[in-house]
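A structural walkthrough
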Amino acid sequence: MALIAPSMLSADFLNLGSEIEMVNNSEADWFHLDVMDGRFVPNISYGMPIIAHMKRTAKKTLDVHLMVEDPERYLEDFKKAGADYLTIHYETGYHLHRTLTSIRALGMKAGLAINPHTPVEMVQDIIQEIDLLLVMSINPGFGGQKFLPLTYAKIRKAKELINAAGANTLIEIDGGVTLDNAADIVAAGADVLVAGNTVFAAADPTATIKKLKELTK
Ligand code: DX5
Ligand code: ZN
């Protein structure tokens, strides 16, 4: 069964408290929190102060996805804000090994995200340093985009690479996950599904989370 991580980017920010309660009381496993700087991606979302507030009521793992340049400048800040998983992008770093090691040294799980154009093989030599490999299934920046089918082959490759290395890295898929493709994504080898629009634009978000969970059994 896959872990489900609703992306709070699609939540109603005027009612963030009740949106968090909805996720707390649902079958969701994690909160997926998207931090965007307007540089690495064209959009700007929210940062540490909002996450620190969320942490006060969120009862599940905080999975923080940094879409920012120079993420190594902010590792301690996100630890203080309450991140459990901290994911940086492959495309942002000259010294990823050092940054991933620092994330773990701070007591967080280390995540590495790859954009659609980045081959899975690029992470091969540092796979042991990565707790979570986030394979982007859209170009990052916005919720509600369409899933890129090239992702399926990348998931299968990632699974092979992780198994061959004997690593415990989880594969997370982010972008365009729907009730129609969730089962196929998990069949390809994904462990964690992020879902923004599919959950928060649904008439019944709690029931949609439950459906996603059932589809990935
Ligand atoms: C986009 C973010 C995603 C986004 C997913 O850059 O990383 O987490 O919220 O949204 P949906 O599920 O709507 O594609
Ligand atoms: Zn994300």
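Provided above is the structure to which this section pertains.
Keep in mind that what you see is a predicted model, and the values were worked out from it rather than measured.

The protein atoms donating to the zinc ion (ligand 2) are His32 (NE2), Asp34 (OD), His65 (ND1) and Asp174 (OD), with metal-donor distances spanning 2.0 to 2.3 Å. In this structure, the zinc ion (ligand 2) is surrounded by six donor atoms whose angles at the metal cover 71 to 169 degrees, and the resulting shape is octahedral. Going along the chain, you hit the donors of the zinc ion (ligand 2) in the pattern H-x1-D-x30-H-x108-D. Of this pair, Asp34 sits in strand β2 (residues 30–36) while Asp174 sits in strand β7 (residues 170–174), and the two are 140 residues apart along the sequence. Per residue, the accessibility class of Asp34 equals that of Asp174, and both read buried.

So, about the packing of aromatic side chains. Using the criterion set out here, one finds three aromatic pairs in the structure. Plain terms: the ring middles of Phe13 and Tyr46 are 5.6 Å apart, the flat faces sit at 45 degrees to each other, and that makes the pair tilted. Of this pair, Phe13 sits in the loop between β1 (3–6) and α1 (16–24) while Tyr46 sits in the loop between β2 and α2 (48–57), and the two are 33 residues apart along the sequence. Given a relative accessible area of 36%, Phe13 falls into the partly exposed group. Geometrically, the ring pair formed by Phe147 and Tyr152 is tilted, given 5.2 Å between the ring centres and 50 degrees between the ring planes.

Attention shifts here to the pattern of salt bridges. One pass over the structure, following the stated rule, counts nine salt bridges. Here Arg104 and Glu129 are joined by a salt bridge, their closest N and O atoms 4.0 Å apart. One end of the pair, Arg104, is in helix α4 (residues 96–105); the other, Glu129, is in the loop between β5 (109–114) and β6 (132–136), with 25 residues separating them in the sequence. The salt bridge partner of Glu214 is Lys210, with a shortest N-O separation of 3.9 Å. In this pair, Glu214 and Lys210 are both assigned in helix α8 (residues 205–215), four residues apart and thus about one turn of the helix distant. In the salt-bridge network here, residues are joined through shared partners; they are Glu27, Lys210 and Glu214.

Thresholds applied
- Residues numbered from 1 in each chain as written.
- Chains lettered and ligands numbered in written order.
- Predicted model: local features only at pLDDT ≥ 70, side-chain atom pairs only at ≥ 80, totals over all residues.
- Heavy atoms only, no water.
- Donors = N, O, S within 2.8 Å, 3.2 Å for Na, K, Ca; no water.
- Tetrahedral: all angles 85-135°; square planar, octahedral: opposite > 155°, others 65-115°.
- Helix = DSSP H or I, 4+ residues; strand = E, 2+ residues; numbered from the N terminus.
- Buried < 20%, exposed > 50% of the residue type's maximum accessible area, 1.4 Å probe, protein only.
- Phe/Tyr/Trp six-rings, centres within 6.5 Å; stacked < 30°, edge-to-face > 60°.
- Salt bridge = Lys/Arg side-chain N within 4 Å of Asp/Glu carboxyl O.

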